[in-house]
Amino acid sequence: MGSIWRLFRDFLFSRTNKEFLIFVFFIALSGIFWLSMTLNETYEQEFSIPVTVVGVPKNVVLTSEETDTIRMTIRDKGITLAAYMYGDMLKNVKINFKPYAHNNGTGIVTTSELQKIVYQYLVSSSKIISTKPDKLEFFYNYGANKRVPVRWTGRVIPEDLYFISRVKYYPDSVDVYASQALLDSISVVYSEHLNYVNFRDTLVVNANLEKIKGVKMVPDHIKMEFFTDVLTEEKLDGIPVEGINMPPGKILRTFPMKVTVSFVTGVSVYRSLKPEDFTIVADYDEIAANPSEKCRIYIKKSPPGISRVHLNINEVDYLIEEQVE
């Protein structure tokens, strides 16, 4: 052990290494001198400062975020700015609810009031040069809310030959808190913009809800399941034609009496379809207004989960009979 220490000491304090150590010492000394000179200069630095609303009464619901962020440019010596940057002095700025809450569901803290509050967290030599935004707003109500459904928005496209057969939401509705005017205008809330492409299996997505100014959502995030199915072009026969707007005592008979509908859907949806899921009609009012040998028929109802629905024929022969008592 002693021999190893002697070898290390002889190596460290050899003439060459001794000169190197002296060089490193003066480099470090000059660096410390430069740093002290730099930190003693006056600078301006912009800070992002979180501001939290506190002292909210128990009967009040904040419908905006409890914590907002303002940007302030502060002038002071570098050492002080470094303390703000790496310390906690500007990370817990609080404003009291009551002095700034008006009775209309909004609270406004002006620039001068914001600066006055932040100055309490600064040393006396610091000066605030600018503030963005020019005011801080928060919104609240006294518990008014309603439950609304959620929907997804964005770009969700499965692989070719697949389509989204249904979407399941967890939860399917959320409680929204806002002013009465906003509550009256909100009938649905949407997820943040989604972007998923080229998938074939069930897609599970966790997403935040899209923020609305002055609105609080509980919960503010949802889970969605996008179920896929294979696209197929199919047809269904034997769907009867019905007459609508028929006068009392009259019956519409069409030839043929039943028609075929073609459509595009998923394999699993097609297996569950029945003729009763479709309603095909002929309108007596149209027949009476434009008498001819044939009448037009229309698809009045079709089940969900199918697209590009069309009839194999659009006109049929018909006969209007008097109903026999």
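For the structure itself, look to the data block above.
Residues numbered from 1 in each chain as written. Predicted model: local features only at pLDDT ≥ 70, side-chain atom pairs only at ≥ 80, totals over all residues. Heavy atoms only, no water.

S.K.: Would you mind showing me how to read the packing of aromatic side chains here?
M.R.: The description of an aromatic ring pair rests on the distance of the ring centres and on the angle between the ring planes. On inspection of all chains with the given rule, the structure shows seven aromatic pairs. Between F47 and Y84, the ring centres sit 6.1 Å apart and the planes meet at 80°, which makes this aromatic pair edge-to-face. Taken together, the residues span a long stretch of sequence, with F47 in strand β1 (residues 42–54) and Y84 in helix α3 (residues 78–86) at a distance of 37 residues. This pair shows no difference in class: F47 is buried, exactly as Y84 is. When the ring of F263 is compared with that of Y270, the centres are 6.3 Å apart and the planes differ by 45°; the resulting orientation is tilted. Given the relative accessible area of 1%, F263 is considered buried. Note on Y270: relative accessible area 28%, which makes it partly exposed. Ring pairing ties together the aromatic residues F97, F138, Y140 and Y142, which thus form one cluster. Of note, R166 hangs over the ring of F227, and the distance from its end group to the ring centre comes to 4.0 Å. It is K223 that lies over the ring of Y170; its NZ or CZ is 5.1 Å from the centre. (Phe/Tyr/Trp six-rings, centres within 6.5 Å; stacked < 30°, edge-to-face > 60°. Helix = DSSP H or I, 4+ residues; strand = E, 2+ residues; numbered from the N terminus. Buried < 20%, exposed > 50% of the residue type's maximum accessible area, 1.4 Å probe, protein only. Lys NZ or Arg CZ within 6 Å of the ring centre and 35° of its normal.)

S.K.: I'm lost on the pattern of salt bridges in this one. Help?
M.R.: Where side chains of opposite charge bring their charged atoms close, a pairing between them can arise. Scanning the entire structure with this criterion turns up 10 salt bridges. Between D175 and R147 there is a salt bridge, and its shortest N-O distance comes to 3.1 Å. You can see D175 sitting in strand β10 (residues 173–177) and its partner R147 sitting in strand β8 (residues 145–157), a full 28 residues away along the chain. For D175, a relative accessible area of 21% gives the class partly exposed. Residue K294 is joined to D317 by a salt bridge in which the shortest nitrogen-to-oxygen separation is 3.0 Å. In this pair, K294 sits in strand β18 (residues 294–296) while D317 sits in strand β21 (residues 315–322), placing the two residues 23 residues apart along the sequence. A residue is classified by how much of its surface remains accessible, and K294, at 38% relative accessible area, is partly exposed. (Salt bridge = Lys/Arg side-chain N within 4 Å of Asp/Glu carboxyl O.)

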